[in-house]
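Residues per chain are reported as follows:
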Amino acid sequence: MKRCGKCGVSFTGDLDRCPLCQAELSGKAEPSAFPRNEVRKSGAVALSVLAFVSGACLLAMLFLGRLLGLPGDIVLTVCLGLVVNYLFVRNILVHTPDFLRVVVRYFLILLAIAALWYLITRNPVVTTFVIPGICLVALVFDAVLVAVFRGTFVSGYAKYLLFDVVLGLIPLALVALGLATWDVPANVSALTASVLLLALLVFTRKQLVAEVRKLFSA
């Protein structure tokens, strides 16, 4: 058992330093009586992946800005958005116990921000690419979770699944109203939403119907 000479406390496990004073421990390590915290390990991996992806997106944006000659204010705005997004998601991973619920809500927040962005700038890029892209990412995220957790995920997050399916069809409405300049992203989003709805009805019909009844009876 390892021991801290300053604190006078003994520890099991493979610690090298005292968690109280950070002094080096002496003695021979013994197996800990507690199992390894795999949840914390997964959280650390998620934070590392988030940092890597955010950094890669920043580098890609700077590279594309230089390559395509984009205005500096646009590049700066996107980079600031990536940084804010990193801080927001990192805060979710570190402090929020129900990670999945916050993430599915996060996609709704992104759509609201995109809609506000379009109302302010009237930039057709938002309605043509940004909104369908967010819908598509949310639908793919939902499909992966449904495939992994099946009825458990449907029972806990049915209303968010239905929201995402409905929102996945919204880009078609944007095309019909003439707000989008290219209909392919909208069609891909609508097709994905339709396939996800079909999968829910075929594979998780009982759980979905039960949750829908709860929503309307509440």
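Residues numbered from 1 in each chain as written. Predicted model: local features only at pLDDT ≥ 70, side-chain atom pairs only at ≥ 80, totals over all residues. Heavy atoms only, no water.

Structural notes on unusual backbone geometry
Its identity is not glycine, yet R122 carries a phi of approximately 55°, on the positive side. Take R122: it is sitting in the loop between α3 (99-121) and α4 (124-149). Given a relative accessible area of 53%, R122 falls into the exposed group. (Helix = DSSP H or I, 4+ residues; strand = E, 2+ residues; numbered from the N terminus. Buried < 20%, exposed > 50% of the residue type's maximum accessible area, 1.4 Å probe, protein only.)

Quick word on the packing of aromatic side chains
Given two aromatic rings, their pairing is described by the distance between the two centres and the angle made by the two planes. Within this structure, the stated rule accounts for two aromatic pairs. Ring centres 6.0 Å apart and planes at 50° place the aromatic pair F129 and W182 in the tilted group. Taken as a pair, F129 in helix α4 and W182 in the loop between α5 (151-176) and α6 (184-203) lie far apart in primary sequence, 53 residues in all. The exposure class assigned to F129 is partly exposed, which follows from its relative accessible area of 42%. (Phe/Tyr/Trp six-rings, centres within 6.5 Å; stacked < 30°, edge-to-face > 60°.)

Let's talk about the nonpolar core
Nonpolar side chains in soluble globular proteins tend to be buried together. One finds L139, V146, A158, L161, V165, A193, L196, L200 and L208 forming the largest nonpolar core, which totals nine residues. Those elements giving two or more residues to this core turn out to be α4, α5 and α6. Counting residues in hydrophobic clusters, the runner-up holds eight residues, among them A114, Y118, I131 and C135. (Core = buried A, V, L, I, M, F, W, Y, C linked by side-chain atoms within 4.5 Å.)

Things to note about α6
With 20 residues, α6 extends 28 Å between its outermost C-alpha atoms, agreeing within 8% with the 28 Å of an ideal straight helix rising 1.5 Å per residue. Of the residues making up α6, those classed as buried are P185, A186, S189, A190, A193, L196 and L200. Viewed end-on, α6 has its buried residues packed into an arc of 135°, placing them on one side of the element. What points out from α6, more than 90 degrees from its buried face, is the exposed set L191, L198 and F203. (Expected span 1.5 Å × (residues − 1). Arc of directions from axis to C-beta.)

Concerning the environment of A210
For A210, the location among the structural elements is in helix α7 (residues 205-217). Sequence separation of A210 and A158 is 52 residues, and the distance between their C-alpha atoms is 9.5 Å.

What to know about the UniProt feature "transmembrane region" (unreviewed entry) in the protein chain
UniProt marks residues 44-68, 74-93, 102-120, 126-149, 161-180 and 186-204 with the feature "transmembrane region" (unreviewed entry), using the numbering shown here. The span residues 126-149 carries 100% helix and 0% strand; its end-to-end C-alpha distance comes to 33 Å. As annotated, residues 186-204 comprises 95% helix and 0% strand, and the C-alpha atoms at either end are separated by 26 Å. (UniProt positions renumbered as here; feature names shortened; annotations may be inferred.)

So, α4
Counted at 1.5 Å a residue, the expected span for α4 with its 26 residues is 38 Å, and the 37 Å between its end C-alpha atoms agrees. Bending of α4 peaks at approximately 30° at the position of V130, with proline P132 no more than four residues after it. Within α4, the full set of buried residues consists of V126, T127, T128, I131, P132, I134, C135, A138, L139, D142, L145 and V146. The N-cap residue of α4 is N123: its side-chain oxygen and the backbone nitrogen of V125 are 3.0 Å apart. (Bend = angle between axes of the 7 residues up to and from the residue. Polar contact = N/O pair within 3.5 Å; in protein donor to acceptor, adjacent residues only side chain to side chain.)

Considering the side chain of T128
Residue placement: T128 occurs in helix α4. Aside from chain neighbours lying at most four places away, what touches T128 is A180, T181, W182 and P185. (Contact = heavy atoms within 4.5 Å.)

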